[in-house]
Amino acid sequence: MFRKTVSGLAAAALALLLAAPAARADEGMWLPLLVKRLNHVDMQKQGLKLTAEEIYDVNNASLKDAIGQLGGFCTAEFISKDGLLLTNHHCGYDAIQNHSTPQNDLLTNGFVAKTKADELTNPTLFVDVLHHMDDVTGKVLEGISEATPDAERAKLVSERVKAISDAAKENGKYVAYVRDFLGGNEYYLFVYTRFADVRLVAAPPQSIGKFGGDTDNWMWPRHTGDFSVFRVYANERNEAAPYAATNKPYQPKKHLPVSMSGVDENDFAMVFGFPGRTTRYMAAAGVKMTTEMTNPARVKLRDKRLKLMKEDMDQSADVRIKYASTYASVANYWKFWQGESEGVRKLGTVAQKQALEKQFQQWADADPKRKETYGAALADINGAYAELSKYTLSQQYLNEGIFGVDILQKAAGAIALHKALTAKDADAEGVKKAAASMEEGLGESYKDFVPATDQKIAAAMLRYFAQDVPKDQQPEALTAIFKEYGNDYDRLAREMFATSVFASKAKLEAFLKAPTAAALDKDLAFRVANSVVKNFNENIAPKLQAPAAQLARGNRRFIQGQREMMPGKSFYPDANSTIRLSYGTVRAYKPRDGVDYAYYTTLDGIAQKEDPTNEEFIVPAKLMSLYRAKDFGRYADPKDGKVHVAFLTDNDITGGNSGSPVINGRGELIGLAFDGNWESMNGNIVFDPALKRCINNDIRYVLFVIDKVIDGKHLVDEMTLVTNGPNPEPGNGGGAGKKMKKEKKKKDKSMASAQ
Ligand code: ARG
């Protein structure tokens, strides 16, 4: 089943692939359930000292119990027996922003809770910790074959997936879902415990947590201290529970011991986390569509939004804080998508994939039985993309354009209310419910609303929509509105903000007291949002259905066929926000001719990058004075006496892995994964072993900042710090017998105390 691949899908490398067994383990995001069967032997060869059960076990504490998915979008891990939780600064960013005001600016100043009573609650944040997972492929696909019609298959699969996950929820005790793998050839059930009381404990000032800003983002060499600290709370019985003042710090089944010993190049390293999405099996036509149409469209729209936000953020502290989180996340993928398109072009991925597809087609056509099952897979895929790409702009200009405008997103939230108001049999209950649900989110939704800036964004996005979306896909109602305003988008936006009930929380609150359809029908924000959404739902979405189903069928067969065509090759499933393990080594790289990168950075680099005139490169005075005084405490590296800030591994990660623990062969925390490198921005589509790296904070830098810069020594004291000799040599158990015994003893101790 899933086994590792040595290289990407390059057809040129295929012969090599079939001949050579695993060269390095870097590529692949593996399911913990299957590690024992698929990876453990290989991992041991590379330096892992843990048993497969110490990684994943349903009945006894294992690594999986120390790791959770944070808020559905990041990874976090327990680092104390009292539920202390470590993640990235950019993962905690929204929470940190929520607690910030110009008077008490935690983003700028950083934060540390002196006592547990000072820890800050976050109503919408949660952590899901895996309880267990199961292969349910047999149950989901029972009686289904390639002869089963698409619609019938889809219906059966969705019924069974629902029944299986419903049963696993045990009446709300767990969060459970089934996800499809390898194009729907396999299905797995995931059952999680959800902890909903997650409090902010510490964060560095953003001059550390976001040091280097968007300039250094997705780049090596890196000097960001990208961490923040939370704590999970549970009820009296140590069970997951909603927030309550009486909740107690959660005692996790397992927390990670923290290694004080640092890393060397070639050390074993594994990353455990929740990678969001990769599309490594995507066909050439899909790669072309993504990198040549979708990405440029998204980048164009985001580019404009970013410029407009930035202009106003630079003018006002209030606006800067309100937009901080939105700006950072919009900028993050704005940069990523540019790198992805460039990286795919540079590597020649489309041509590589086309070569593989040619070979696949020949293989399928060479045998009548194969031809019947797999012969049409690529034609299906290519036909589907040809159809889907007609609507790419409509989709992107809705998601990134219209929904990139705050007021239009708010107005779109009233579509359900409008439906209830205009329902044939006047539905008073429905109206009440829809209005109530809108009222509920009002505080949160208007907290960061900046009407003056949003108005400029609205004008710009509407202008782009009118110019770029194919005319026959634009809603007639919107064209009529544009006409009313003589295609003057600035005037339209001005009028919208002057008159719409969505332009302020107070106006919307008043409207929701006695909502009418007539008011919405003449509300400019609602008219615009509704016209686009309605047009999409009625005229665009139905046209996507058939090609989407055709694409799913084609992909399923294309992937299954490749597994038959290359029985010697290992296939791992694409990331899909489920828990994965990736293993490899600490490793440098050569980004281009004549340049050799080191595998780690130090405080020296922070001093070198310091620029008080550039907000991205300001260094806090406290950090500079510690640096000048060489006041590094126990956090300097024993070999060079420097504080190491970040290091590289060749682990296979993607977005969603942010905040993942980097763990050494003994199961100790050595780092905190936080980014990918610019030369491998194509990594969601293709894995290039020469250039794909994972950027991690050295855990000792995290502790240094907590202890020495933000005065959080009491938090470091909560952790289980362990000191070892150098990481064990791969394969031979770490050298001489005496040293090995000593290490083993220490390991046992550190593991035991960390349970
Ligand atoms: N590139 C990082 C990631 O996706 C996020 C960095 C956020 N920082 C920023 N400057 N936008 O994991």
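As the structure is a computational prediction, the values presented were derived from the model and not from experiment. Numbering of residues starts from 1 in every chain and runs along the sequence as written. Two thresholds apply to this predicted model, a pLDDT of at least 70 for residue-level local features and 80 or more for giving and counting side-chain atom pairs, whereas whole-chain, interface and lining totals are computed over all residues. Values shown for side chains rest on all heavy atoms present in the structure; no hydrogens or waters enter the calculation.

## Re the site of the ligand
Next, step 1: Here a residue is considered near a molecule or strand provided that any single heavy atom belonging to it is located within 4 Å of it. In the neighbourhood of the ligand, the contacting residues comprise His-90, Lys-210, Gly-213, Asp-214, Asn-217, Trp-218, Ala-328, Asn-332, Ser-658, Phe-674 and Asp-675.
Next, step 2: Two N or O atoms count as a polar contact when they lie within 3.5 Å, although within protein this holds only if one can serve as hydrogen donor and the other as acceptor, and sequence-adjacent residues are included solely when both atoms are side-chain atoms. Here a nitrogen atom of the ligand and a side-chain polar atom of Asp-214 are 2.9 Å apart.
Next, step 3: Take Asn-332: an N or O atom from its side chain is 2.8 Å from a nitrogen atom of the ligand.
Next, step 4: Relative to its unbound accessible surface of 350 Å², the ligand loses 93% to contact with the protein.
Next, step 5: Per the convention used, a helix needs a DSSP run of H or I reaching at least four residues, while a strand needs a run of E reaching at least two, with both numbered from the N terminus. Going through the elements one at a time, helix H10 (213–216), helix H12 (317–347) and strand S18 (669–676) are the ones with two or more residues in the shell around the ligand. Computed with the Shrake-Rupley method and a 1.4 Å probe, the accessible areas treat only the protein chains shown as cover for residues.

## Considerations on the confidence of the model for the chain
Detailed conclusions should not be drawn from predicted coordinates in areas where pLDDT is low.
Next, step 1: The pLDDT score gives, residue by residue, the confidence of the prediction method on a 0 to 100 scale. Scored by pLDDT, the chain has a mean of 92; 92% of the residues are at 70 or more.
Next, step 2: Taken as a whole, residues 1–23 scores under 50 in pLDDT and shows 65 contacts with residues more than four places along the chain or in a different chain.
Next, step 3: Residue contacts are defined here by distance: any two heavy atoms, one from each residue, within 4.5 Å place the two residues in contact. Confidence over residues 731–755 falls short of pLDDT 50; this stretch has 37 contacts with residues more than four positions distant or in other chains.

## Points about the environment of Val-201
Next, step 1: By the element assignment, Val-201 lies in strand S9 (residues 198–203).
Next, step 2: Taking relative accessible area as the criterion, Val-201 reaches 0% and is therefore assigned buried.
Next, step 3: Val-201 has contacts with Leu-84, Phe-111, Val-112, Ala-113, Glu-119, Val-229, Phe-230, Arg-231 and Leu-715, leaving out every residue within four places of it along the chain. Exposed residues in this analysis have more than 50% of their type's maximum accessible area, buried residues have under 20%, and partly exposed residues fall in between, with area computed by a 1.4 Å probe over protein chains only.

## What to know about helix H24 (residues 505–513)
Next, step 1: Looking at H24, one finds that the buried residues are Leu-508, Phe-511 and Leu-512. Buried positions in H24, seen along its axis, are confined to an arc of 95 degrees and lie on one side of it. The outward face of H24, more than 90 degrees from its buried face, is lined by the exposed residues Ala-506, Ala-510 and Lys-513.
Next, step 2: Each element contacted by the buried residues of H24 is listed here: helix H18 (415–422), helix H19 (428–440), helix H20 (442–447) and helix H25 (517–521). For this quantity, the arc is that covered by the directions from the helix axis to the C-beta atoms.

## A short note on H19
Next, step 1: Helices are assigned an expected span. That span is 1.5 Å times one less than the residue count. Relative to the 18 Å expected for 13 residues at 1.5 Å per residue, H19 spans 18 Å between its end C-alpha atoms, a close match to the ideal helical length.
Next, step 2: Taken together, the buried positions of H19 are Gly-430, Val-431, Ala-434, Ala-435 and Met-438. The arc that holds every buried residue of H19, seen down its axis, measures 125 degrees, which confines them to one face. Summarising the geometry of H19, the exposed residues directed more than 90 degrees from the buried face are Ala-428, Glu-429, Lys-432, Lys-433 and Glu-440.
Next, step 3: Structurally, H19 contributes buried residues whose contacts are with H18, H20 and H24.

## Focus: the state of the cysteines
Working definition: the covalent bond between the sulfur atoms of two cysteines is a disulfide.
Next, step 1: Working definition: a disulfide is two cysteine sulfur atoms within 2.5 Å of each other. Taken as a whole, this structure holds one disulfide when the rule is applied.
Next, step 2: Paired through a disulfide, Cys-74 and Cys-91 show a sulfur-sulfur distance of 2.1 Å. With the S-S bond torsion at -75 degrees, the cross-link from Cys-74 to Cys-91 turns out left-handed. Of this pair, Cys-74 sits in strand S2 (residues 74–78) while Cys-91 sits in helix H5 (residues 89–98); the two residues are 17 residues apart in sequence, bridging distant segments of the chain. In this pair, the class of Cys-74 matches that of Cys-91, namely buried.

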